[in-house]
Structure formats: structure tokens, C-alpha cells
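If you want the building blocks of each chain, they are given just below.
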Amino acid sequence: MSFKCKKGKFYMQPIFFGPTTTMQNMEGEMILHQPARGECLGVTFETNQEQIDELLPECFTSNAPVISVQACEFADIGWLAGHTYNLINVSTPVHFKGDVHDVDGDLVLVMFENHADPIVAGRDGIGYSKIYADMPRFTHYEGIYTAKASSWDFPFMKLQLDTTKEAEDPKALMELAAKSQGKMNYRYIPSVDDVTVADVEYPVFNPKQWDKPEDYKWEIEPPQSKFCKGTIQFNEPEWTDMPTYYRVGKTLADLEIKRYLGGQHIIYTEVCDYRHAYRLK
């Protein structure tokens, strides 16, 4: 008997071994696992509107010439059987208005992660622009938090928070957060016949609003957040430093930092429920 995918089950390559067991149990039933513990170091800065516009697909318009960089450590991740991984999320606030949907959110321009499993699941499942980077644990000394990232041993990013100092513009940070209804992504899969065109290409929305299921047995702790001073440094690579994603490192390094809005240190619970993401139309 030949292999055939079962209807109503979530598969990721390689498909030959059955449904994936990330957001499903061994029987292929969609479930929620225990939430993860998250710590986030975020820095937001204002840049040139022209630089933002050049990055946006036509379906999006910019809400502000702003870039946010969030370095996050996740622990006790339920869907990964309690394992950990780190990520760096680079995003900008955008608006989508289509024939059906009209929403504001943060477009994920790139998300670096230090393990293949969340990269593959996020790209295949809901179109996140995820790629790999090496990320050590955060350092914390006398109120100063530091996050670093490298690719092929090239240190392309250093993010730092000084929690002993005030954020430059906390009001602007709060206004941006209040306006966002969730994360935006742009799913793109090139064609095998002609890699210069797409087999699949469309925007995706992952809403911020989450309704706790009645049978959800875990506690969701309220986030602990503090605005503070923050800085970000992107180092410009040569092509030999980041051969596959040179264009990403180069573009990030070229972003002008006109002014910092501030930083934010957050400790929170991450439910990891991505079942409500949907295609924008």
C-alpha cells in the first residue's frame, strides 16, 4: 500500500513518516502543550521612511518609519517537550487593507532562531521569515542586559538594555504596541520549475488576541515589563561573512538610526498557540 497524507492532519517535510508531532499528539490530533517561559530584550528606533518602504510588499503600507528588534529566550517549551531556543525578531509597524481584511500589525522582516525545529515549523506552518543564527544566552550584570548573534562566526548583532536608565520615548512605544493587532508575515515559496517566480505568495496574520480554552489547564502569568534605555548595533558583513543571507545583514547594517524610542525588558508566558493565524485577503 502506498503512502498517502490523511485529511485534517498537519504534515511537514519529510511527510513519509506521518503527521508532525509539534502542535499535534502522536495520533495527529491538534492540542496545546504547556506554555513556555519567555524573556525578551527589545529596542525600537526611528529610521528613514524610504528604507522602510523599500522592504514592504505592495500589499502593506507603513504605519511609522520604525524598526523594532526583540531578542527572546524561551524555556520549558511544551511543544518541544521542554527544550529551549532563542530568537531575534526584526519588525516594522504596517497596515493591510484588502477586499476582506483591514488590520494593523508588526510585519516580521526576519526572525533569526538558533534551532532548526522552530525555523522549519514556523516557515512551513504559517510563513514566518525565519533563518538560522547562533545566539548565546543573555548576559546580565548590574542592570545591563546584552544579547548577541552571529552567522558563520561573524558577529552581526549586539543589542543592549540599561535598565537603570529611562527610555527616550516610552509614550511612543506604548502607542505602537496598542495599535498593533498582531504579527504580519509574507509567505513565499519559489517554484521548482522556475525559481525566479513563486508557487505560493501571500500575506499572513497571526492575531495578538488569544482566548483561553476552557480545558486549558496551565496558568498564564501576567507579563512583567519595564521600559528602559536600549541600543542596537548591526555590523556590516562582507559576502564571505554571510554568503546565504548577506543581503539581510547588509540591509540591517545600512538602516539609519535617527533616534531611539527606547528599550523594553519583558518576562512573560508564551502560549505558543498558532492555530488562529490566517491568510490575509
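Residues numbered from 1 in each chain as written. Predicted model: local features only at pLDDT ≥ 70, side-chain atom pairs only at ≥ 80, totals over all residues. Heavy atoms only, no water.

A. Local environment of the overall build of the protein. Within the protein one finds four helices and 14 strands. The burial tally for the protein puts 44% of its 281 residues in the buried class. For the protein, the computed accessible surface area is about 16,000 Å², with 51% contributed by carbon and sulfur atoms. Where the 28 positive side-chain charges of the protein centre and where its 41 negative ones centre are 4 Å apart. (Helix = DSSP H or I, 4+ residues; strand = E, 2+ residues; numbered from the N terminus. Buried < 20%, exposed > 50% of the residue type's maximum accessible area, 1.4 Å probe, protein only. Areas by Shrake-Rupley, 256 points an atom, 1.4 Å probe, with all protein chains shown as cover. Lys, Arg positive; Asp, Glu negative; His and termini not counted. Charge placed at Lys NZ, Arg CZ, Asp CG, Glu CD.)

B. Layout of empty space enclosed by the protein. Tallying each qualifying case throughout the model produces one cavity of 30 Å³ or more. Of the volumes computed, that of the largest cavity is approximately 40 Å³. Broken down by secondary-structure element, the contributors of at least two residues to the lining of the largest cavity are β4 (83–97), β5 (102–113) and α3 (170–179). For the lining of the largest cavity, the leading source of residues is β5, giving three residues. Looking at the lining of the largest cavity residue by residue, the class counts come to three nonpolar, three polar and three charged. (1 Å grid on protein atoms, 1.4 Å probe; cavity = no way out; pocket = protein on both sides within 12 Å on 5 of 7 lines; lining within 4 Å. Points joined across faces, edges and corners; volume = space filled by probe spheres on them. Nonpolar A, V, L, I, M, F, W, Y, C, P; charged D, E, K, R; others polar.)

C. Fine view of the pattern of salt bridges. For the structure on display, the rule yields twelve salt bridges. Put simply, Lys 250 and Glu 236 hold a salt bridge, and the shortest N to O gap is 2.7 Å. Of the two residues, Lys 250 sits in helix α4 (residues 246–254) while Glu 236 sits in the loop between β12 (224–234) and α4, which places them 14 residues apart along the sequence. Here Lys 250 falls in the partly exposed class, since its relative accessible area comes to 25%. A residue is classified by how much of its surface remains accessible, and Glu 236, at 45% relative accessible area, is partly exposed. Among the ionic contacts, a cluster of salt bridges with common partners joins Glu 46, Asp 169 and Arg 259. (Salt bridge = Lys/Arg side-chain N within 4 Å of Asp/Glu carboxyl O.)

D. Inspection of the layout of surface pockets at higher detail. A volume near 1,100 Å³ is recorded for the second largest pocket. Taken together, 30 residues line the second largest pocket, and the ones lying closest to its centre are Leu 109, Ser 129, Tyr 186, Tyr 188 and Arg 247. For the lining of the second largest pocket, the secondary structure elements donating two or more residues are β5, α2 (116–126), β6 (130–132), β10 (182–190) and α4. The element that contributes the greatest number of residues to the lining of the second largest pocket is β10, accounting for five residues. Residues that form the lining of the second largest pocket fall into these classes: 20 nonpolar, four polar and six charged.

E. Fine view of the side chain of Ser 191. Relative to the helices and strands, Ser 191 resides in the loop between β10 and β11 (198–207). Relative accessible area serves as the criterion here: at 7%, Ser 191 is assigned to the buried category. Engagement of the side chain of Ser 191 in a polar contact is seen with the backbone nitrogen of Asp 194, the distance being 3.5 Å. A distance of 3.5 Å separates polar atoms of two side chains, one belonging to Ser 191 and the other to Asp 199. Those residues in contact with Ser 191 that sit more than four places away from it in its chain are Val 197, Ala 198 and Asp 199. (Polar contact = N/O pair within 3.5 Å; in protein donor to acceptor, adjacent residues only side chain to side chain. Contact = heavy atoms within 4.5 Å.)

F. Looking closely at the nonpolar core. Core analysis: the biggest nonpolar cluster contains 40 residues, and Val 69, Ile 88, Phe 112, Met 157, Leu 159, Met 184 and Ile 232 have the highest contact counts within it. When residues of this core are traced back to their parent elements, those giving at least two are β1 (36–46), β3 (66–77), β4, β5, β8 (144–151), β9 (154–162), β12 and α4. The element that contributes the greatest number of residues to this core is β9, accounting for five residues. For Met 184, the residues in contact, after removing those within four places along its chain, are Phe 60, Val 94, Phe 96, Val 103, Asp 104, Gly 105, Asp 106, Leu 107, Val 108, Val 204, Phe 205 and Leu 280. (Core = buried A, V, L, I, M, F, W, Y, C linked by side-chain atoms within 4.5 Å.)

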